[in-house]
Every structure is written in structure tokens, then in C-alpha cells.
Amino acid sequence: MELFRIHRTIPFMRHALILNLISLITFVAAVVFIVLRGFNLSIEFTGGTIMEVNYPQTAQLDQVRSAVSSLGYTDFQVQNFGTSRDVMIRLPLGEGQTTATQSEKVMDALRTIDNGVELRRVEFVGPQVGQELVYNGLLALLFVAVGIMVYLGFRFEWKFAVAGVVANLHDVVIILGFFAFFQWEFSLAVLAGVLAVLGYSVNESVVIMDRIRENFRKQRKMEVSEVIDSSITQTISRTIITHGSTQMVVLSIFFFGGPTLHYFAMALTIGIWFGIYSSVFVAAAIAMWLGVTREDLVKPVKKDEDPAAELMN
């Protein structure tokens, strides 16, 4: 389905060098921010106190957050679990405090708003759990990157595999750079968003690569850069429909999903836009500079075979 058709090929690769230099600068800056500033890790990674409280009626999460904020906390999470009357509160463990004294102060603040609130459970999540989560998260990221490279290598050709992985890691590092620079809270939900961007971005790259392979079969006399430009231009309508629809859903999560999903939606938004950019300019340009040719993607026709059979593959 196409909302519109562009009849004139847009020369994307003409500006590939300048745009990739900008990407390289942005990538290096993101790495510098990650190394120097680090991440504002949530208590899921650093450890802290988890409290489960119950209200006699539907809990007003905004009031709960206000009560916790009044105690001086800035890095905390408040969310429903189970029913609308059950609330889970995650708090970082302050210096000189124990889980017991911390929970008592929070309950005192909650009772000033609703005296019927009850404490159901309180426990301490140690940093060892946080280290395990970090390790598992990095391991998952490694497996995803390797899986993408293997898939693209079998589906297309090793040059496209390398280009696709570089483009996807480009998106991930830039997302992480944003979170390091602005010190946005990095939680498990954000990690899930980063992993989702990997799969989402590679989908756009695969669509463009598939069209490049198709045009190599049809356009035998065109230069490689012209084939890439034509392929990207032909997929623009699909890109606008797909990413526009996805962005509308993500924006609804951003504005109406509450604080718990706020930075998850932020990570997806950054990933969507940089995913389009990297698929068009980074992945395609790297494949072109690696020397991808028609022979890499289209099997030569044997003498005893019908030349038209190649176009049917």
C-alpha cells in the first residue's frame, strides 16, 4: 500500500559521506557520555527497598507519589500490581537507613493521606541482584546482535550483515547516550525498549536490502549507488506508514502510560527515528563502501538455464 509514489529518485547516497560523519560524531559523543557520566540506574539495578501496600478502595497513585516525594525521594517507582487497590513502591536505600526504618517513614506519610492503608510486604533487594540484571541484559544484547548478523548473512550477504549490525548498534549506543547525557532513569523497562529497537530497526534495514536485491535483478546497467537510491525512494511510502503508525502508539504510551512507561516510550521514540536514519544512510552506505555488487546478491545464470529464470527467483 502506498499513500503516494515518488517518480523521481532521491540521491540519498550523494550525501552519505557527510551524514555518516555526523553519525560518527554523534556516536563518539554518546560513548563519551556513557563512559564519563554513566547511567542513572533504577533500584532494579542498584538495589533498594520494595514495599507492597493495600488500600480499602482504588489507590490514587498520584497521591502516593506525592507522599513519597515529600520524604525527599526523587528516584522511586509507584505502580499498581494485581488489583487497583494494591500498590508496589520501589525505593533506593538511603545512607544510614534500614529497610525497616525506611518503610515506617513511608507508611507514616501514606497514612496522612489515607489512614486505611496497610503494609502487606517489605523486603530489601540487594545489589547482587542488580549486578545479575546488568550481566543478563548485556548478554541479551550480545545474543541479539549476533543473531541479527547471522540472519542477515544467510538472508543476504556478509557485507549487508556487517552494515546491518553496525547500523543497529549505532541506534542502541545513541539511545544509551541520550540517557547518559540527560541522566534519565535507566530501568528494566528502558532495557526492554532498547532490545525492542534492535529488532525494529533491523526490520527497516531488511526491507531496504530486499528491495536493493530486487532492483539489482531488474536494473542490470545501473550503478550501485543508483540502485540503492532507487530502492530507498521506492520504500519511502512504506516507511512513512509503518513508522508513523508505530510512533502514534508510542506517543500514546508516552503521554498516557504514566511515569512507569515514560522513559520506555522515550527510548522507543529515539529508536524509531534513528532507526529510519541508520537504515537509510548508515546501513546502505556502509554496504556500498564495502563494495556490494550485483554478483553478491544475484546468482549467475548457468548456460543451460533460461535467463528469465533468474528474474523468477
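Refer to the structure presented above.
Below, the structure is looked at part by part.

The rules we used
Residues numbered from 1 in each chain as written. Predicted model: local features only at pLDDT ≥ 70, side-chain atom pairs only at ≥ 80, totals over all residues. Heavy atoms only, no water. Axes fitted to C-alpha atoms, helices over the stretch in contact; angles between N-to-C directions. Helix = DSSP H or I, 4+ residues; strand = E, 2+ residues; numbered from the N terminus. Parallel < 35°, antiparallel > 145°, perpendicular 65-115°, else oblique. Left-handed = near helix turned anticlockwise from the far one by under 90°. Contact = heavy atoms within 4.5 Å. Nonpolar A, V, L, I, M, F, W, Y, C, P; charged D, E, K, R; others polar. Pairing = 2+ DSSP bridges. Buried < 20%, exposed > 50% of the residue type's maximum accessible area, 1.4 Å probe, protein only. Phe/Tyr/Trp six-rings, centres within 6.5 Å; stacked < 30°, edge-to-face > 60°. Salt bridge = Lys/Arg side-chain N within 4 Å of Asp/Glu carboxyl O.

1. Re the packing of helix α7 (residues 188-218) against helix α8 (residues 224-234)
Running from N to C, α7 and α8 point in directions that differ by 125°, and their axes come no closer than 9 Å. As far as their axial angle goes, α8 and α7 are oblique. Relative to α8, α7 is oriented so that their crossing is right-handed. On α8, the residues touching Ile 208, Arg 211, Ile 212, Asn 215 and Phe 216 of α7 are Val 224, Val 227, Ile 228, Ser 230, Ser 231, Ile 232 and Gln 234. Considering only residue class, the contact of α7 with α8 consists of seven nonpolar, four polar and one charged.

2. Considering the sheet that holds strand β5 (residues 118-125)
Taking strand neighbours across the sheet as the criterion, the four strands line up as β3-β4-β2-β5 in an open arrangement whose pairing is antiparallel. With one partner strand each, in any of the chains shown, β3 (77-81) and β5 form the two edges of the open sheet. Neighbour-to-neighbour, the strand axes of this sheet turn through a mean angle of 20°, independent of strand direction. Looking at chain direction, β3 and strand β4 (residues 83-91) are connected through five bridges and run antiparallel. Paired with Gln 79 across the two strands is Met 88, which belongs to β4. Packed onto the sheet, helix α4 (residues 99-111) meets β2 (48-54), β4 and β5 and runs at close to 40° relative to β2.

3. Quick notes on α8
Taken together, the buried positions of α8 are Val 227, Ile 228, Asp 229, Ser 230, Ser 231, Ile 232 and Thr 233. The secondary structure elements touched by the buried residues of α8 are α7, α9 (236-256) and α10 (259-289).

4. Section: the packing of aromatic side chains
The full count for this structure, using the stated rule, is 13 aromatic pairs. Considering the side-chain rings of Phe 33 and Phe 181, the 4.7 Å spacing of their centres and the 50° angle between planes classify their relative orientation as tilted. One end of the pair, Phe 33, is in helix α1 (residues 16-37); the other, Phe 181, is in helix α6 (residues 158-182), with 148 residues separating them in the sequence. For the ring pair Phe 179 and Phe 186, a centre distance of 6.1 Å and an interplane angle of 90° mean the geometry is edge-to-face. There is no split in this pair, since Phe 179 and Phe 186 are both buried.

5. Quick notes on the pattern of salt bridges
One pass over the structure, following the stated rule, counts ten salt bridges. Residues Glu 123 and Arg 121 are paired through a salt bridge, measuring 2.6 Å at the closest nitrogen-oxygen approach. When its relative accessible area of 27% is taken as the criterion, Arg 121 is described as partly exposed. For the salt bridge of Arg 238 with Glu 204, the shortest nitrogen-to-oxygen distance reads 2.4 Å. One end of the pair, Arg 238, is in helix α9; the other, Glu 204, is in helix α7, and 34 residues separate them in sequence. Among the residues examined, Glu 204 registers a relative accessible area of 1% and is labelled buried. Three or more residues are tied together by salt bridges with common partners; here these are Glu 52, Arg 121 and Glu 123.

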